[in-house]
Amino acid sequence: MGDNTLKILVVEDDPKTAAYLQKGLTENGYSVDISHDGADALELAKGKSYDLFIFDVMLPFHSGFELLKILRSLEIYTLTIFLTAKDRLEDRVCGLDLGADAYLVKPFSFSELIAVIRSLFRRRMGADHRVHSSDQLEACDIKIDIVKHQVRRSGQLLDLTPLEFKLLTFLARREGEVLSRTLILEHIWDINFDCSTNVVDVHIRRLRAKVDEPFETPLIHTVRGMGYVLRSENSNPQST
């Protein structure tokens, strides 16, 4: 395999499932490392550079949720997919809140997994292309440091979770454009996530509490019946 081969760390404690994933992903051109527990996976993730993590949730030593929380605290923002039998809505929301990019439930279709992986890599490559000339993104009076994952508004550092950072960055890249809830779900969460939930509204409210409430001028506006927009002036009478 060449140096440009995308590298994936699969953390799965079931040997048969791990072997199945390794075989299928390798056949699709990826370089794959396998780990069977959270402690070993943590050392691998800290010591090597990966393009993607695929985590089971129920793992020995560190659960998949605990593993991702630790990695994000270490500022390791590698793309992450949870692939697990835990299918409750609360589990999905927890995984995505921790900063996962997708959540697939077992039993799963391998073709769907590959489609999700390709979609995530396309988005990442597109984002990298947009910021290749600068690590900074500016919208209104917000400055986003893409590499350091830091956000400042009017010079004040904002304490955002990885998911809030991703959501604000998406809004900032499309400054002035009204984004539907469906579009936000598609770009921020897993493409097969249950779109009937109010997860977008919940996280917009949390983001507003940090981005808007401490400041005089709100930037995140609701356009009734359409979605959300980031702009410095609330010029649309239908928006709030």
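Since the structure is predicted, the reported quantities are computational estimates derived from the model, not experimental observations.

Conventions and cut-offs
Residues numbered from 1 in each chain as written. Predicted model: local features only at pLDDT ≥ 70, side-chain atom pairs only at ≥ 80, totals over all residues. Heavy atoms only, no water. Helix = DSSP H or I, 4+ residues; strand = E, 2+ residues; numbered from the N terminus. Buried < 20%, exposed > 50% of the residue type's maximum accessible area, 1.4 Å probe, protein only. Contact = heavy atoms within 4.5 Å. Areas by Shrake-Rupley, 256 points an atom, 1.4 Å probe, with all protein chains shown as cover. Axes fitted to C-alpha atoms, helices over the stretch in contact; angles between N-to-C directions. Parallel < 35°, antiparallel > 145°, perpendicular 65-115°, else oblique. Left-handed = near helix turned anticlockwise from the far one by under 90°. Salt bridge = Lys/Arg side-chain N within 4 Å of Asp/Glu carboxyl O. Core = buried A, V, L, I, M, F, W, Y, C linked by side-chain atoms within 4.5 Å. Pairing = 2+ DSSP bridges. Expected span 1.5 Å × (residues − 1).

Q: I keep staring at the overall build of the chain and nothing clicks. Help me out?
A: Summing up its helical and strand segments, the chain has 8 helices and 11 strands in all. Here the chain holds 240 residues, and the buried ones make up 47% of them. Across the chain, contacts joining residues at least 24 apart in sequence account for 58% of those joining residues at least 6 apart. Approximately 12000 Å² of the chain is accessible, and the part contributed by carbon and sulfur atoms is 50%.

Q: Would you explain the packing of helix α6 (residues 162–173) against helix α7 (residues 181–188) in this entry?
A: When two helices pack together, their arrangement is given by the angle between the helix axes and by the axis-to-axis distance. Contact geometry for α6 and α7: axes closest at 11 Å, N-to-C directions at 125°. One way to sum up the angle between α6 and α7 is to call them oblique. The hand of the α6/α7 crossing is right-handed. Side by side, α6 and α7 meet where L163, K166, L167 and F170 of the first sit next to L183, I184, H187 and I188 of the second.

Q: Mind showing me how you'd approach the side chain of D91 here?
A: Residue position: D91 is located in helix α4 (residues 89–97). Relative accessible area serves as the criterion here: at 7%, D91 is assigned to the buried category. Setting aside chain neighbours within four positions, we find D91 in contact with F65, K86 and Y103.

Q: Where do I start with the pattern of salt bridges in this structure?
A: A side chain with one charge can pair with a side chain of the opposite charge if their charged atoms come near. Counted under the stated rule, the structure contains 15 salt bridges. The partner of R88 in a salt bridge is E90, and the shortest N-O contact between them spans 3.7 Å.

Q: Honestly, the nonpolar core in this entry has me stumped. Any pointers?
A: One broad rule of soluble globular proteins: the nonpolar side chains tend to lie buried together. Ranked by internal contacts, the top residues of the largest apolar core, which has 29 residues, are I142, I144, V151, L168, I184, L207 and L230. Elements supplying a minimum of two residues to this core: β6 (136–139), β7 (142–145), α6, α7, α8 (199–211) and β11 (227–230). Among the elements that take part in this core, α6 stands out by supplying 7 residues, more than any other. I142 has contacts with L137, V151, R152, R153, L168, V211, L219 and L230, leaving out every residue within four places of it along the chain.

Q: Where do I start with the sheet that holds strand β8 (residues 150–153) in this structure?
A: By definition, the strands of a sheet pair up through backbone hydrogen bonds, in either a parallel or an antiparallel sense. In spatial order, the strands read β6-β7-β8-β9; together these 4 strands make up an open sheet with antiparallel pairing. The open sheet has two edge strands, β6 and β9 (156–158), and neither has a second partner. For this sheet, the mean inter-axis angle between neighbouring strands, taken without regard to orientation, is 25°. The pairing of β8 with β9 spans 3 bridges and is antiparallel. Counterpart to R152 in the pairing with β9 is L157. In the packing of α6 onto the sheet, contacts are made with β6, β7 and β8, and the angle to β7 comes to roughly 120°.

Q: Would you mind going over α6 with me for this structure?
A: Residues spaced three or four apart along an α-helix face the same direction, because each turn holds 3.6 residues. End to end, α6 covers 16 Å across 12 residues, agreeing with the expected 16 Å (1.5 Å per residue, within 8%). Of all the 12 residues making up α6, 9 are buried; the element is thus mostly covered by neighbouring parts of the structure. Of all the residues in α6, the buried ones are L163, E164, F165, L167, L168, T169, F170, L171 and A172.

Q: For this particular structure, what's the right way to read the sheet that holds strand β5 (residues 102–105)?
A: In spatial order, the strands read β2-β1-β3-β4-β5; together these 5 strands make up an open sheet with parallel pairing. Taken across any chain shown, the strands that pair with only one partner, and hence form the sheet edges, are β2 (31–35) and β5. Sheet twist, expressed as the mean angle between neighbouring strand axes with direction ignored, is 20°. Pairing of strand β1 (residues 7–11) with β2, which is carried by 5 bridges, proceeds in the parallel orientation. Note on β2: the bridge partner recorded for V11 is S35. Contacting β4 (79–84) and β5, α4 crosses the sheet at an angle of about 150° to β5.

Q: Help me understand the packing of helix α2 (residues 38–47) against helix α3 (residues 64–73), please; the structure alone is not making it clear to me.
A: At a minimum axis distance of 10 Å, the contact between α2 and α3 shows a crossing angle of 25°. Comparing their axes, α3 and α2 come out roughly parallel. In this structure, α2 meets α3 at a crossing whose hand is right-handed. Across the interface between the two elements, G38, A41, L42 and A45 from α2 touch L67, I70 and L71 from α3.

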